[in-house]
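# Structural description and commentary
Spelled out from the first residue to the last, the chains are:
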Amino acid sequence: MTKRISILGATGSIGQSAVSVLEADRERFSVHAVTADSNALKLAETAIRVNAAVAVIRDPVALPLLKQALAGTPVKVAAGDEALADIAGEQVDLTLSAIVGAAGVAPTAAAVRAGNSIALANKECLTCAGSSFMKLVARYGVNLLPVDSEHNAVFQLLQGHDMADVARITLTASGGPFLGWSKARLSDVTRAQALAHPVWSMGDKISIDSATLMNKGLELIEARYLFGLEPRHLDVVIHPQSVVHAFVTLRDGAVHAELGAADMRRPIAHCFYWPERRTEPFEALPLASLTDLTFQKPDLDRFPALQLAKDAMEKGQGAETVLNAANELAVAYFLENRIAFTDIPAIVRQTLAESERYGLLHEPGSVEAALELDREARVIAARMLLPRQKSASQKPTAQERRSNPTV
Ligand code: NAD
Ligand code: MG
């Protein structure tokens, strides 16, 4: 029987890796919907590649181009936030949630309400709306399969174990491009340097989060909700080779690890085929050449974002929501070359302190309340960002912007 899949965020890094998994086994899967933010041509090309029934673009301005690119094909098209929410809420066997940022939370919640199994790449469902999102998943009784490589590893490692026997879960972190850098050098980091991840090829937002180590902080929050563990049972270890993705320590002292190539097609395929396993079409891990696997403690002084995430976890979901929102906005500003790299954790810290002063760090009671708190936190973060913005002379010139439209 074929599995019918919808891909939310089909034009991104995860979305495109998913497409290559689906292309390799056309008999096993069919694609209902593919969605994107504004890149009409990439969405049209993707829809054709996977033979999708529907393509939905969030930005209505891009609709004419999408229509034109898909003219003469059977692919139906639609645009706008409402169309995106509607298509996300249509019933399929599995929804791949691969939109970046808090923008992915509402569509994923709609997919949960439709009763779809969820392959979850969008970690913001849990970093923005943690306990509320998990309550929704429980209420609708849907399968929640983690795509994030570390969490996918933990999910596999926990099979056959009683959670009462689990003493600790340890996520590995590559350490990002600035692992050995001094604190002083970090303040001069450029956008291009921060985007150049040594191991993983990913979207811009998560690449910057990997460079600040905020990604690992967000992943601790993600793990807390996925596996129902207290923060004291969760840990991070730096492992620059990214061969081991996670460890599970059992209460008798046994430490189990999951190893595999640093290729997101692996965890994506695991979720797509679950509960079955596919035959690996890619090269298996060459064990005999793994001669140099190293592990070290993260430096929380040089990479304060990880400590901020740990502190937010102690405070609870309201603080996690604010942390996630402030970080998302600060990363967007850094990507536009408006603030320095080291401003990112500073903005998050200030926004958390200010939100606490306003009494905002209470537990949001629903996914919608978490999204409302996300919006409030962004307003506060935007205020904190104002005085830190670079002067006009430091911003990219019109020429630089033309040669790189995302600057
Ligand atoms: P990306 O930036 O490459 O792609 C994002 C996708 O979301 C694109 O299809 C884009 O069109 C769509 N999108 C962006 N903004 C949107 C909006 N406002 N509304 C609707 N759609 C929108 O991102 P990515 O690296 O593929 O990451 C996607 C998610 O997966 C993130 O939450 C990230 O943390 C998580 N993740 C990614 C990786 C990875 O290797 N890339 C690994 C683990 C987890
Ligand atoms: Mg990860």
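Sequence order as written defines residue numbering, which begins from 1 separately in each chain. The lettering of chains begins at A and the numbering of ligands begins at 1, in the order of writing. Confidence filtering applies because this is a predicted model: local features only for residues at pLDDT of at least 70, side-chain atom pairs given and counted only at 80 or more, and all residues used for totals across whole chains, interfaces and linings. To get the side-chain values, take all heavy atoms of the structure and skip hydrogens and water.

### Points about the sheet that holds strand β7 (residues 144–146)
Applicable threshold: The pairing criterion is simple: DSSP has to find at least two bridges between the two strands. Where helices and strands are cited, they refer to DSSP runs of H or I of at least four residues and of E of at least two residues respectively, numbered from the N terminus. Here, axes are lines fitted to C-alpha atoms. For helices the fit covers the stretch in contact, and angles between N-to-C directions go from 0 to 180 degrees. It only takes one pair of heavy atoms within 4.5 Å for two residues to be counted as in contact.
Pairing is parallel across the open sheet formed by seven strands, whose spatial order is β4-β3-β2-β1-β5-β6-β7. The open sheet has two edge strands, β4 (76–79) and β7, and neither has a second partner. Pairwise comparison of adjacent strand axes, ignoring direction, gives a mean angle of 20° for this sheet. Along the sheet, helix α1 (residues 13–23) makes contact with β1 (3–8), β2 (29–36) and β5 (94–97), crossing β1 at roughly 160°.

### Looking at the coordination of the magnesium ion (ligand 2)
To be explicit about the condition: Metal donors were taken as nitrogen, oxygen and sulfur atoms no farther than 2.8 Å from the ion, or 3.2 Å where the ion is Na, K or Ca. Water is excluded, so coordination may look unfinished.
The magnesium ion (ligand 2) binds to the protein through Asp 148 (OD), Glu 150 (OE) and Glu 219 (OE); the donor distances cover 2.1 to 2.2 Å. Sequence spacing among the residues donating to the magnesium ion (ligand 2) works out to D-x1-E-x68-E.

### Let's talk about the domain arrangement of the chain
Here is the rule we go by: Either an automatic procedure or a domain database provided the assignment from which the domain bounds are taken. Buried area is understood as the total, over both parts, of accessible area removed when two parts are fitted together, assessed with a 1.4 Å probe. Criterion for a salt bridge: a side-chain nitrogen of Lys or Arg within 4 Å of a carboxyl oxygen of Asp or Glu. Two N or O atoms form a polar contact when they lie within 3.5 Å of each other; inside protein one atom must be a possible hydrogen donor and the other a possible acceptor, and for residues adjacent in sequence the pair counts only when both atoms belong to side chains. Residues are sorted three ways: Asp, Glu, Lys and Arg are charged, Ala, Val, Leu, Ile, Met, Phe, Trp, Tyr, Cys and Pro are nonpolar, and all the rest, Gly among them, are polar.
With domains assigned, the chain is organised as domain 1 (3–122) and domain 2 (152–394). Distance between the C-alpha centres of domain 1 and domain 2: 25 Å. If you look at the interface, domain 1 gives 22 residues, while domain 2 gives 19 residues. Each partner contributes to the roughly 1,700 Å² buried at the junction of domain 1 and domain 2, and carbon and sulfur atoms together form 67% of this total. Counting across the domain 1 and domain 2 interface gives two salt bridges. Across the domain 1-domain 2 interface, the total number found is seven residue pairs in polar contact (both at pLDDT 80 or more). A class-by-class count of the residues in the side of domain 1 that touches domain 2 yields 14 nonpolar, four polar and four charged.

### Here we look at the nonpolar core
Rules: As used here, the term nonpolar core means buried Ala, Val, Leu, Ile, Met, Phe, Trp, Tyr and Cys residues forming a set that is joined through side-chain atoms within 4.5 Å. Relative accessibility thresholds used throughout: buried, under 20% of the residue-type maximum; exposed, over 50%; partly exposed, between the two (1.4 Å probe, protein chains only).
Ranked by internal contacts, the top residues of the largest apolar core, which has 121 residues, are Val 34, Ile 169, Phe 272 and Leu 323. Among the elements that take part in this core, helix α15 (residues 317–335) stands out by supplying 11 residues, more than any other. A domain split of this core shows at least three residues from each of domain 1 (3–122) and domain 2 (152–394). If sequence neighbours within four positions are ignored, Val 34 has contacts with Ile 7, Ala 10, Leu 43, Thr 46, Ala 47, Val 50, Ala 52, Val 54, Ala 55 and Val 56.

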